[in-house]
Amino acid sequence: MISKLFNALAKTRKSIADSFNILQKNKVSSETLDILESTLISADIGVDTTSEIINLIKTSSGDNYIQYVKDYMLSILNSNKLNTQSFPFVKLIVGVNGTGKTTTAAKLAHYYKLKGNDVVLVAADTYREAALDQLEIWSNRIDVRLISNQSAKDPSSVIYDGMNASNGQDSKIVIIDTAGRLHTNKNLMLELEKMKRIILENFSNYSLETMVTIDSTLGQNSLYQAKEFLNYIDINSATLTKMDGTAKGGIVFGLNKELNIPIEFLGIGENIEDLEKFDYNHYINSLLDI
Ligand SMILES: Nc1nc2c(ncn2[C@@H]2O[C@H](COP(=O)(O)OP(=O)(O)OP(=O)(O)O)[C@@H](O)[C@H]2O)c(=O)[nH]1
Ligand SMILES: [Mg+2]
């Protein structure tokens, strides 16, 4: 079966394939390398990674360029490994406005529930009124318990209640949706520290994983925004959302190289099942299977 990801990257794959074909036919020259370079940049692969790929080709002795590039890409993705997951755990979903936090929280709850886990969702976006409705609809649809407090102003208090309830019922996985925020709002960023503290101080039996959602259609910009989060909070993993849209795919490398954050999932649509565990080999083949 051809995956959604493979289909989504068709355009990028074709332009990369064309550049490699030109390179293979006309040998390495400044002209053919320029073509490849601009293709890789357009695919959001980033300036650093692109110039390393170009250097690799320039200095290579054989002509199996695609294989060299594949190996190099794998080495980048292998440099950031996800921690092995210990139960019970809580996933705190953070990120810039509109990057897909709420949708990803629901998708994750569904994903883990299908694997047979007892999952709880916590609605800790206390800023946007529609946020709770959105999560309520999802939780009903996937039949996962939702903990919320319509009148709460402080997200940390909702988190405390949610963690308490989950702990009492021995739920193994807690997924927390939070409000969107930009690094320019210092108070909102500091609030993240508080959320984390509440969990670490009161529920140390849960391991805490902070996940950032990154809108892959925003290209390199989304990386700069995510980088700012690192000034306030440790981040353990990322979900790259909207990979089914106009995303060009290369963002994966910048995320690994510049931010040192491993990618855990890809969002590949608006439906609840549109979440794929990130698989290095499948991803690189989807980009370079030519
Ligand atoms: N095509 C596509 N759309 C997505 C994906 N993930 C989220 N969306 C859409 O992106 C929009 C924003 O998603 P939300 O989950 O509400 O984003 P959010 O980060 O919670 O937004 P705020 O809470 O306002 O910060 C919605 O229309 C989602 O359906 C995805 O993987 N693919
Ligand atoms: Mg939201």
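Along each chain, residue indices are assigned from 1 in the same order as the chain's sequence is written. The lettering of chains begins at A and the numbering of ligands begins at 1, in the order of writing. Side-chain atom pairs in this predicted model are given and counted only at pLDDT of 80 or more, local residue features only at pLDDT of at least 70, and totals for whole chains, interfaces and linings cover all residues.

Student: Is there a simple way to explain the overall build of the protein chain in this structure?
Tutor: Going along the chain from the N terminus, every DSSP run of H or I of four or more residues is numbered as a helix, and every run of E of two or more is numbered as a strand. Counting its secondary structure elements, the protein chain contains 12 helices and eight strands. Referenced to the eigenvectors of the C-alpha coordinate spread, the extents of the protein chain come out at roughly 65 × 40 × 30 Å. In this description, any two residues whose backbone-derived C-beta atoms lie within 7 Å of each other are considered to be in contact. Taking the contacts inside the protein chain whose residues are at least 6 apart along the sequence as the reference set, 76% of them involve residues at least 24 apart.

Student: Please explain the site of ligand 1 as it appears in this structure.
Tutor: Nearness is defined per residue: the C-beta atom, placed using the backbone, must lie within 6 Å of the molecule or strand. The environment of ligand 1 is made up of 22 residues, and the closest members are Gly 100, Thr 102, Thr 103, Gly 180 and Gly 267. Throughout this entry, Asp, Glu, Lys and Arg are counted as charged residues, while Ala, Val, Leu, Ile, Met, Phe, Trp, Tyr, Cys and Pro are counted as nonpolar. The remaining residues, Gly among them, count as polar. Residues that form the shell around ligand 1 fall into these classes: two nonpolar, 13 polar and seven charged.

Student: What is the right way to look at the pairing of strand β2 (residues 119–124) in this model?
Tutor: It is a general feature of regular strands that their side chains alternate between the two faces of the sheet. Counted residue by residue, β2 has six buried out of six residues, so it is predominantly covered. We call a residue exposed when 12 or fewer other C-beta atoms sit within 10 Å of its C-beta, buried when the count reaches 20 or more, and partly exposed for counts in between; the C-beta positions come from the backbone. Burial along β2 is two-sided: Val 119, Leu 121 and Ala 123 facing one way and Val 120, Val 122 and Ala 124 facing the other are all buried. Two strands pair when backbone bridges link them, and β2 and strand β4 (residues 173–178) are joined in this way by six bridges, in the parallel orientation. If you follow Ala 124 over to β4, its bridge partner there is Thr 178. Pairing between strands is defined by DSSP: at least two bridges between the two strands are required. Bridge analysis of β2 against strand β3 (residues 145–147) gives three bridges, and the strand direction is parallel. Across the sheet, the residue bridging to Val 122 is Ile 147, located in β3. We call a crossover right-handed when, viewed with both strands directed away from the observer, the connection leading from the first strand over the helix to the second proceeds clockwise. With helix α7 (residues 129–142) bridging β2 and the parallel β3, this β-α-β connection has right-handed handedness.

Student: Whenever I open this one, the nonpolar core confuses me. Can you help?
Tutor: Where a protein is soluble and globular, its nonpolar side chains tend to be buried together. One finds Leu 121, Val 122, Ala 123, Val 174, Ile 175, Ile 176 and Val 212 to be the most contacted residues of the largest nonpolar core, which totals 72 residues. Considering every element that reaches this core, the biggest residue donor is β2, with six residues. For this analysis, nonpolar core means a set of buried Ala, Val, Leu, Ile, Met, Phe, Trp, Tyr and Cys residues linked through C-beta atoms within 7 Å.

Student: Would you mind showing me how to read unusual backbone geometry here?
Tutor: A negative phi holds for most residues other than glycine; trans holds for most peptide bonds. Cis geometry is adopted by the peptide bond preceding Pro 88, which originates at Phe 87 and carries an omega value of -10°. Although it is not a glycine, Asp 44 sits at a positive phi angle of roughly 70°. Inspection of the secondary structure puts Asp 44 in the loop between α3 (30–42) and α4 (47–59). For Asp 44, a count of 24 C-beta atoms within 10 Å corresponds to the buried category. Notably, Asp 143 is not glycine yet its phi reads approximately 60°, a positive angle. You can see Asp 143 is positioned in the loop between α7 and β3.

Student: What is the right way to read the sheet that holds β2 from this model?
Tutor: The pairing of strands in a sheet comes from backbone hydrogen bonds and takes either a parallel or an antiparallel form. Ordered in space as β3-β2-β4-β1-β5-β6-β7-β8, the eight strands form an open sheet in which the pairing is mixed. Of all strands in the sheet, those with a lone pairing partner are β3 and β8 (275–277), marking the two edges. Neighbour to neighbour, the strand axes of the sheet diverge by 25° on average, direction disregarded. Here an angle of 0 to 180 degrees is reported between the N-to-C directions of two axes, which are lines fitted to C-alpha atoms, with helices fitted over the stretch in contact. Contacts from α7 reach β2, β3 and β4, with the element oriented near 165° to β2. Those strands touched by helix α10 (residues 220–229) are β1 (89–94) and β5 (207–215), and its axis lies near 155° from that of β5.

Student: Would you take a moment to explain the packing of helix α5 (residues 65–78) against helix α12 (residues 280–288) for this structure?
Tutor: The relative placement of two packed helices is expressed as an angle between their axes plus a distance between the axes. Packing of α5 against α12 brings their axes to within 10 Å, and their N-to-C directions diverge by 140°. Between α5 and α12 lies a crossing of right-handed hand. For the pair α5 and α12, contact is made by Ile 66, Val 69, Lys 70, Met 73, Leu 74 and Leu 77 and by Tyr 280, Ile 284 and Leu 288, respectively. Should the near helix be turned counterclockwise from the far one by less than a right angle, the crossing is left-handed, whereas a clockwise turn marks it as right-handed.

Student: In this structure, what is going on with the environment of Asp 161? I would like to understand it.
Tutor: By the element assignment, Asp 161 lies in helix α8 (residues 155–168). Judged by local crowding, Asp 161 falls into the partly exposed class, with 16 C-beta atoms found within 10 Å. Distance from Asp 161 to Val 122, taken between C-alpha atoms, is 9.0 Å for residues 39 residues apart in sequence. The contacts of Asp 161, once residues within four sequence positions are left out, are Ile 147 and Asn 149.

Student: I tried to follow the environment of Gln 169 on my own but got confused; where do I start?
Tutor: Mapped onto the secondary structure, Gln 169 falls in the loop between α8 and β4. For the pair Gln 169 and Asn 271, spaced 102 residues apart in the sequence, the C-alpha separation amounts to 29 Å.

Student: I would appreciate a short explanation of helix α11 (residues 251–258) in the present structure.
Tutor: Three- or four-residue spacings in an α-helix give side chains the same orientation, since the helix completes a turn every 3.6 residues. Within α11, six of the eight residues are buried, leaving the element largely enclosed by the surrounding structure. All buried positions along α11 are accounted for by Ile 251, Val 252, Phe 253, Gly 254, Leu 255 and Asn 256.

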